[in-house]
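Structural overview for review
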Amino acid sequence: MCLTFDSITDQKRPVRILAAFLQKRHLPHALLFTGIEGVGKNDAALAFAMACNCMGEKHRRSDQLIDNSSSKKDLPAAVNPCGYCRSCRKIESDNHPDIIRIKPSGAFIKIDQIRGCCDTLAMKPYEARVRVVIISDAHAMNPSAGNALLKMLEEPPDSSILILTACQTSDLLPTIVSRCQHIRFNPVSVKSIETLLIENQGLAPDKASIIAAMANGSISRAFAMSSSNWINRRNWLINAVGPNQSDQSGQPWALFSMSSGMLMAFAEMLKKNKDFLFDSLEIMKSWLRDLIIYNFHTEKIINKDLIEKIQYASQKINIKALLLKIDAIQAAQKDIQSNANLRLTLETMMMRIGKGSGKPKPLTK
Ligand SMILES: [Zn+2]
């Protein structure tokens, strides 16, 4: 399926705003798309570049730029790029000479990348009606690159549009934000991600449901999770957290019954697998949360495939103890975000998680 505005999931408002620019034939000089990673900002930027330059039948007849025929998703057909003409295909495959894409090279977008772009913009486009510069992860611009971009925004070149993408406006210089038309992209719904995982990635419904619930509204994150051994790691972690029915020592706890030496070793293991640390903490939180939720809203649990295990485990620990453990993980996540010492943070978290499981007691609804 080729890229059009209709293939962008769950972003009705941003798409409506972009479509309005095209319908009114009033294109802003600079757009800023904000939102978390993986919600369709880059696809929307490409679809917009395609729509601005589409040579398809409907786009050639400028008198039909506003099409009243009812299209599938309330978007006039003439606003959507055709996806098949030479221009659309070149843009989608990243082979169009006038669609310039700038991404961080290493950790930063460097001044040379922005200067190179300025030089190109000083010349006439090769073939595009509208030249489009897409600066992805604009928050990665170092200060000198940011200032060079600012100059470009102050004197916008003719028939060119700049599209910046970033997580949030506060990551950019206010002077850059104020010169852009800002469009916010929302996280994608769990339901939509679940459908995409089943239909596009061929995932089994129970796996799709767990990954969708854990992807934090990001399609790219969900796809990455589905293609890695995320589910296996989840199973391992949940087993480690426990409690497990099959514990041979007769002690139902896993993590909660470990000696402090073992807790420290677990912290070290989390620290070593740094790439998976964010996921590990989220998985541990989702598990502890499920043990609470099971007693009240069984239908809302995340790890649905482990329902029997949850049923068993939820009877073995009281809610107050679970809440304290979740709190310990959240505190650690906050500290990690503010660059606290990782080893110390994880060790403190593990000591708090390992401390007291609360007396198992029956829960009343
Ligand atoms: Zn086209």
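Use the structure listed above.
Every value quoted in this text rests on a predicted model; they were computed, and no experiment measured them. (Residues numbered from 1 in each chain as written. Predicted model: local features only at pLDDT ≥ 70, side-chain atom pairs only at ≥ 80, totals over all residues. Heavy atoms only, no water.)

Compared with an ideal rise of 1.5 Å per residue, which puts 13 residues at 18 Å, helix α12 (residues 260-272) spans 18 Å between its outermost C-alpha atoms and is within 8% of the ideal. Inspection of α12 places Leu-263, Phe-266, Ala-267 and Leu-270 among the buried residues, and these make up the whole buried set. Viewed end-on, α12 has its buried residues packed into an arc of 100°, placing them on one side of the element. If you follow the buried residues of α12, they end up packed against α11 (230-241), α13 (277-293) and α16 (342-354). (Helix = DSSP H or I, 4+ residues; strand = E, 2+ residues; numbered from the N terminus. Expected span 1.5 Å × (residues − 1). Buried < 20%, exposed > 50% of the residue type's maximum accessible area, 1.4 Å probe, protein only. Arc of directions from axis to C-beta. Contact = heavy atoms within 4.5 Å.)

Between helix α9 (residues 205-214) and α11, the least distance of the axes is 11 Å, while the angle of their chain directions is 80°. Taken as axis vectors, α9 and α11 run roughly perpendicular relative to one another. Of the residues in α11, those in contact with Lys-207, Ile-210, Ile-211 and Met-214 of α9 are Trp-230, Ile-231 and Arg-234. Broken down by class, the residue content of the contact of α9 with α11 amounts to five nonpolar, no polar and two charged. (Axes fitted to C-alpha atoms, helices over the stretch in contact; angles between N-to-C directions. Parallel < 35°, antiparallel > 145°, perpendicular 65-115°, else oblique. Nonpolar A, V, L, I, M, F, W, Y, C, P; charged D, E, K, R; others polar.)

Time to look at the packing of α11 against α13. Helix-helix packing is described using two parameters, namely the angle between the two axes and the distance between the axes. The geometry of α11 relative to α13 is characterised by a closest axis approach of 10 Å and an angle of 55° between their N-to-C directions. Taken together, the axis directions place α11 and α13 in an arrangement best described as oblique. Here the hand of the crossing between α11 and α13 comes out right-handed. Residue-level inspection shows Trp-230, Arg-234, Leu-237, Ile-238 and Val-241 of α11 in contact with α13, the latter providing Asp-279, Ser-280, Ile-283, Met-284, Trp-287 and Leu-288. (Left-handed = near helix turned anticlockwise from the far one by under 90°.)

Of the pairings in the sheet, the one linking strand β2 (residues 99-102) to strand β3 (residues 131-135) comprises four bridges and is parallel in character. The residue of β3 that forms the bridge with Ile-100 is Val-133. (Pairing = 2+ DSSP bridges.)

Right, let's talk about the coordination of the zinc ion for a bit. All of the protein donors around the zinc ion are Cys-54 (SG), Cys-82 (SG), Cys-85 (SG) and Cys-88 (SG); their distances to the metal are 2.2 to 2.4 Å. Coordination at the zinc ion is tetrahedral, judged from the four donor atoms that bind it and the angles of 101 to 119° they form at the metal. Spacing between the donor residues of the zinc ion along the chain follows C-x27-C-x2-C-x2-C. Of the two residues, Cys-54 is situated in the loop between α2 (41-53) and α3 (57-60) and Cys-85 in the loop between α3 and α4 (86-92); the sequence distance between them amounts to 31 residues. Comparing Cys-54 with Cys-85 shows no difference in burial state: the two are buried. (Donors = N, O, S within 2.8 Å, 3.2 Å for Na, K, Ca; no water. Tetrahedral: all angles 85-135°; square planar, octahedral: opposite > 155°, others 65-115°.)

Here the focus is the sheet that holds β3. Here we have five strands laid out as an open sheet, ordered β2-β3-β4-β1-β5, and parallel in their pairing. Bordering the open sheet on either side are β2 and β5 (181-184), each of which pairs with just one other strand. Pairwise comparison of adjacent strand axes, ignoring direction, gives a mean angle of 15° for this sheet. Direction of pairing for β3 relative to strand β4 (residues 160-166): parallel, over a ladder of five bridges.

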